Amino acid sequence: MNQTDLVFQSYGRCCRKDDFFVDFYDFFMSSSDVIRNRFVDTDMAAQRHLLRNGVMQLILVARGMSDRKLRDLGESHNRSNYNIDPGWYDLWLNSLLKTVRLHDPEYTPDLGEAWRDVLRPGIDLIRGAY
Ligand code: HEM
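Everything numeric in this text was worked out from a predicted model, so none of it was measured.

## Describing the side chain of Ser-95
Within the secondary structure, Ser-95 is located in helix α6 (residues 88-103). Beyond its immediate chain neighbours, meaning those up to four positions away, Ser-95 contacts Phe-24, Phe-27, Phe-28 and Ser-31.

## Some thoughts on the packing of α6 against helix α7 (residues 109-128)
It is at 11 Å that the axes of α6 and α7 come closest, and there the two elements cross at 150 degrees. Relative to α7, the element α6 lies roughly antiparallel. With respect to the hand of their crossing, α6 and α7 are arranged in right-handed fashion. Between α6, through Tyr-89, Asp-90, Trp-92, Leu-93, Asn-94, Leu-96, Leu-97 and Val-100, and α7, the contact on the second element is made entirely by Gly-112, Trp-115, Arg-116, Leu-119, Ile-123, Ile-126 and Arg-127. Split by residue class, the contact of α6 with α7 holds ten nonpolar, two polar and three charged.

## Examining the coordination of the iron atom of the ligand
A lone protein donor contacts the iron atom of the ligand, and this donor is His-77 (NE2), found at 2.1 Å. Mapped onto the secondary structure, His-77 falls in helix α5 (residues 68-77).

Procedures and definitions
- Residues numbered from 1 in each chain as written.
- Predicted model: local features only at pLDDT ≥ 70, side-chain atom pairs only at ≥ 80, totals over all residues.
- Heavy atoms only, no water.
- Helix = DSSP H or I, 4+ residues; strand = E, 2+ residues; numbered from the N terminus.
- Contact = heavy atoms within 4.5 Å.
- Axes fitted to C-alpha atoms, helices over the stretch in contact; angles between N-to-C directions.
- Parallel < 35°, antiparallel > 145°, perpendicular 65-115°, else oblique.
- Left-handed = near helix turned anticlockwise from the far one by under 90°.
- Nonpolar A, V, L, I, M, F, W, Y, C, P; charged D, E, K, R; others polar.
- Donors = N, O, S within 2.8 Å, 3.2 Å for Na, K, Ca; no water.

In structure tokens:
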């Protein structure tokens, strides 16, 4: 099985429990007060649903789907809108990997590397739109 299929299946196992996204935002917000402050006025239940879809978009683009929705995320996150510092995406990815390790019963270090490799181009697209 190729890397994108492995990650697609891993994400399916992670998404079986809503806790995945609760834990992700706990890790992500704990990584810096600057990050936590960005979500003080956010409806986190809605945000967790939006992120569920956002991560799926990153994986689907790696599987060859159109990147139109990622370009929209690049626009919403750029300096004129949410103004998300390009350096914060490393915190985002590290938090996601911590959450995958916690939730996927079939996690291995190789699978963690596959996640990083598969998501990198999509993350670079969003970050690059800064
Ligand atoms: C909103 C995905 C990275 C902060 C959103 C939304 C999605 C999303 C799907 C909702 C749709 C929208 O408003 O455009 C992603 C993905 C990321 C990422 C896939 C990584 C590749 C980050 C990072 C931060 C961040 C690093 C840093 C703090 C926010 C904020 C909102 C948001 C503040 C708006 C929340 C609100 O409506 O109150 N993100 N995001 N995102 N994201 Fe991200």
